[in-house]
Amino acid sequence: MKSDYFYTPDEVNPRLKGLQQIYPTLKKEWDSNHYGLEWKDFTAYQEKTIRESNQGHEIEYDQYFNAPIATEESTWSIAPLFFKHTPYTRNVEVLPKMAKTMMWLGETMYVGIARLRPSEQLGWHYDPDPNTHTQRLRCQLPLTSEICTLSVKDEYRSQAEGKLIIFQSSAMHKVENMGRFDRFSLIFDVFREGPGIL
């Protein structure tokens, strides 16, 4: 049965199938180099937007590049790779193969590694589409094998390491890390023509 909110790579960008095929190479790079990434703390952003209004908001340029460095107390943090097609130089140099893969895919609008602490969640929220004729689809590629779930409206998916999930992020959704360790996931947005939800 076709999902109302989840998509396959063929429905979005056939090249996305290649992302899973080269996952072992990306994972090897991640395991070797990720300790050198710079993480930005978006816990306060989460508190202000998601928990207060149930609505996600665009992270603006200044917020993205000037956010505080994450600490051990940061529940939700991002290691940016690209923002509006601009590379975040330090992290791109740490994960060059992953950065080159995103450029090959042609998806460099918003790209980063998201870290969610154990027993934490991003509660129910939605991310408005850019306009009424453009849809935002979010892609998540888990880099670790923590027990993590993604719910979109009345549909539920467990997340598995190396398995790409694509969903409509303008629908109400939440993600939970029920594992004992940090959950890391490559996250990026794809935009396509379609009825947007504001």
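Here's a quick rundown of the structure. Everything quoted here is computed from the prediction, not taken from an experiment.

### Description of the sheet that holds strand 9 (residues 155-159)
Consideration 1: With antiparallel pairing, four strands are arranged side by side in an open sheet as 6-11-8-9. The sheet is open, and its two edges are formed by strand 6 (121-125) and strand 9, each paired on a single side. Here the strands of the sheet are splayed against their neighbours by 15 degrees on average, with no regard to which way each runs.
Consideration 2: Inspection of the sheet shows strand 8 (residues 148-152) paired to strand 9 by five bridges, in the antiparallel sense.

### Notes on the nonpolar core
Consideration 1: Counting 31 residues, the largest nonpolar core has W30, W39, M98, I113, L186 and F188 as its most contacted members.
Consideration 2: Of all the secondary-structure elements, those providing two or more residues to this core are helix 2 (16-21), helix 3 (23-33), strand 3 (76-83), helix 6 (89-94), helix 7 (96-105), strand 5 (110-116), strand 7 (134-142) and strand 12 (183-193).
Consideration 3: Leaving out residues up to four positions away in the same chain, L186 has contacts with L81, M98, M102, V111, G112, I113, C139, Q140, L141 and L143.
Consideration 4: Core analysis: the next-biggest nonpolar cluster, separate from the first, contains 17 residues, L122, I165, F167 and A171 among them.

### Some remarks on the pairing of strand 12
Consideration 1: Most of strand 12 is tucked away: eight of the 11 residues are buried.
Consideration 2: Pairing between strand 5 and strand 12: six bridges, direction antiparallel. The residue bridging R115 from the neighbouring strand is F184, located in strand 12.
Consideration 3: Bridge count between strand 7 and strand 12: nine bridges; the pairing is antiparallel. Bridge pairing in strand 12 places Q135 opposite R192.

### Overview of the side chain of E38
Consideration 1: Take E38: it is sitting in the loop between helix 3 and strand 2 (40-41).
Consideration 2: With relative accessibility at 16%, the residue E38 sits in the buried group.
Consideration 3: With residues near it in sequence (within four places) discarded, E38 still touches I69, I78, A79, P80, Y88, R90 and N91.

### A few points about the packing of aromatic side chains
Consideration 1: A full pass over the atoms with the stated rule returns six aromatic pairs.
Consideration 2: Centroid distance F6 to F167: 6.4 Å. Interplanar angle 45 degrees. Geometry classified as tilted. With F6 in strand 1 (residues 6-7) and F167 in strand 10 (residues 165-168), this residue pair connects regions lying 161 residues apart in the sequence.
Consideration 3: Take F6: its relative accessible area is 8%, and that puts it in the buried class.
Consideration 4: Ring geometry for W39 and F184: centres 5.6 Å apart, planes at 50 degrees, overall tilted.

### Some words on unusual backbone geometry
Consideration 1: Even without a glycine there, the phi angle at H85 is positive, about 70 degrees.
Consideration 2: With respect to the secondary-structure elements, H85 resides in the loop between strand 3 and strand 4 (86-87).
Consideration 3: Phi is positive for S119, which is not a glycine, with a value near 60 degrees.
Consideration 4: Note on placement: S119 falls in the loop between strand 5 and strand 6.
Consideration 5: Residue classification places S119 among the exposed positions, given a relative accessible area of 65%.

What counts and what doesn't
- Counting starts from 1 at the beginning of each chain's written sequence and moves along it residue by residue.
- For a predicted model such as this one, the threshold for reporting local features is a pLDDT of at least 70, and the threshold for listing and counting side-chain atom pairs is 80 or more; totals across whole chains, interfaces and linings nevertheless cover every residue.
- With hydrogens and water excluded, all non-hydrogen atoms of the structure serve as input to the side-chain values.
- Strands are treated as partners if at least two bridges between them are detected by DSSP.
- Helix and strand definitions here come from DSSP, where helices need a minimum of 4 consecutive H or I residues and strands a minimum of 2 consecutive E residues; each element is numbered from the N-terminal end.
- Only the stretch in contact is used when fitting a helix axis, every axis being a line fitted to C-alpha atoms; angles between N-to-C directions are given from 0 to 180 degrees.
- Note on terminology: a nonpolar core comprises buried Ala, Val, Leu, Ile, Met, Phe, Trp, Tyr and Cys residues joined through side-chain atoms within 4.5 Å.
- Only protein chains enter the accessibility calculation, which uses a 1.4 Å probe; a residue is then buried when its area is under 20% of its type maximum, exposed when over 50%, and partly exposed in between.
- When checking whether two residues touch, look at their non-hydrogen atoms; a contact exists if any pair is within 4.5 Å.
- Geometry of aromatic contacts follows a simple scheme: Phe, Tyr and Trp rings, the Trp one being its six-membered ring, pair when their centres are within 6.5 Å, and the pair is stacked under 30 degrees between planes, edge-to-face over 60, tilted otherwise.

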